Amino acid sequence: VEEYRIKPISTSDIIIGQILGSVTVAAVKGLIVGALLLLITPVTLNLWYLLPYALYMLPGNVLFTCLGVMVGMSFRKPDQIAQSLSIVITPLLYL
């Protein structure tokens, strides 16, 4: 956040912009993964299921984006961020 402080923008605007940008990127990636899974697997899917898929995906995107911003802003060194990711994200992969 310190490198953005040169411009006359408040800190909350910077954080909200980072969160909205990351949620958008995560949503696009989730939709791409979902589309690829539909192409690869022999599953027929009703198009009405895509809306609940997107609605379930959105809170997860917001949650993990906000967690990432909080972790990224609380640590000063990139090594500490990598340690926290290995402690938090790795166990979530096995759920």
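Not measured: the values here are computed from a predicted model. (Residues numbered from 1 in each chain as written. Predicted model: local features only at pLDDT ≥ 70, side-chain atom pairs only at ≥ 80, totals over all residues. Heavy atoms only, no water.)

Caption draft 1: Quick peek at the overall build of the protein chain. Check the secondary structure of the protein chain and you find 3 helices and 0 strands. Shown N-terminal to C-terminal, the secondary structure of the protein chain runs as helices and strands in the order α-α-α. Taking 95 residues into account, the globule formula puts the C-alpha radius of gyration at 12 Å, and the protein chain, at 17 Å, lies well above it. Its C-alpha atoms put the protein chain at 50 × 30 × 20 Å along the principal axes. In the protein chain, buried positions account for 11% of the 95 residues. Within the protein chain, contacts between residues at least 6 apart in sequence are counted, and of these 57% link residues at least 24 apart. (Helix = DSSP H or I, 4+ residues; strand = E, 2+ residues; numbered from the N terminus. Rg over C-alpha atoms; globule rule 2.2 N^0.38 Å. Buried < 20%, exposed > 50% of the residue type's maximum accessible area, 1.4 Å probe, protein only. Contact = heavy atoms within 4.5 Å.)

Caption draft 2: Highlighting a nonpolar patch on the surface. Residues Leu63, Phe64, Leu67, Met70, Leu85, Ile87, Val88, Ile89, Leu92, Leu93, Tyr94 and Leu95 make up a contiguous nonpolar surface patch of about 1,300 Å² in total accessible area. At the level of secondary structure, the elements contributing two or more residues to the nonpolar patch comprise α2 (50–74) and α3 (78–93). At 6 residues, α3 tops the list of elements feeding residues into the nonpolar patch. By the secondary structure assignment, leucine 85 is in helix α3. Owing to a relative accessible area of 44%, leucine 85 belongs among the partly exposed residues under this scheme. (Patch = residues over 30% accessible without salt bridge, like charges linked within 9 Å, V, L, I, M, F, W, Y side chains within 5 Å. Areas by Shrake-Rupley, 256 points an atom, 1.4 Å probe, with all protein chains shown as cover. Salt bridge = Lys/Arg side-chain N within 4 Å of Asp/Glu carboxyl O.)

Caption draft 3: Highlighting α3. The end-to-end C-alpha separation of α3 is 22 Å, in line with the 22 Å expected for 16 residues at 1.5 Å each. Along α3, the sharpest kink reaches roughly 30 degrees, centred on serine 86. (Expected span 1.5 Å × (residues − 1). Bend = angle between axes of the 7 residues up to and from the residue.)

Caption draft 4: Seen up close, helix α1 (residues 11–40). End to end, α1 covers 43 Å across 30 residues, agreeing with the expected 44 Å (1.5 Å per residue, within 8%). Turning to α1, its buried residues number three or more, namely Ile14, Ile19, Val23, Gly30 and Gly34.

Caption draft 5: Representation of the confidence of the model for the protein chain within the structure. For the protein chain, per-residue confidence averages 79 on the pLDDT scale, and 93% of positions sit at 70 or higher. Across the protein chain, the element-wise mean pLDDT spans from 75 in α3 up to 84 in α1. (pLDDT = per-residue confidence, 0-100.)

Caption draft 6: Focus on the packing of α1 against α2. Closest axis-to-axis distance for the α1/α2 pair is 9 Å, and the angle between their directions is 135 degrees. Put simply, α1 runs oblique to α2. In the crossing of α1 with α2, the sense of the turn from one axis to the other is right-handed. Each of Ile15, Ile19, Ser22, Val23, Ala26, Ala27, Gly30, Leu31 and Gly34 in α1 lies in contact with α2, whose residues at this interface are Tyr53, Met57, Leu58, Asn61, Val62, Thr65, Cys66, Val69 and Met73. Classifying every residue of the contact of α1 with α2 gives 13 nonpolar, 5 polar and no charged. (Axes fitted to C-alpha atoms, helices over the stretch in contact; angles between N-to-C directions. Parallel < 35°, antiparallel > 145°, perpendicular 65-115°, else oblique. Left-handed = near helix turned anticlockwise from the far one by under 90°. Nonpolar A, V, L, I, M, F, W, Y, C, P; charged D, E, K, R; others polar.)

Caption draft 7: Main features of the environment of isoleucine 9. Considering the arrangement of structural elements, one finds isoleucine 9 in the segment before α1. Isoleucine 9 sits in the partly exposed class, given a relative accessible area of 37%.

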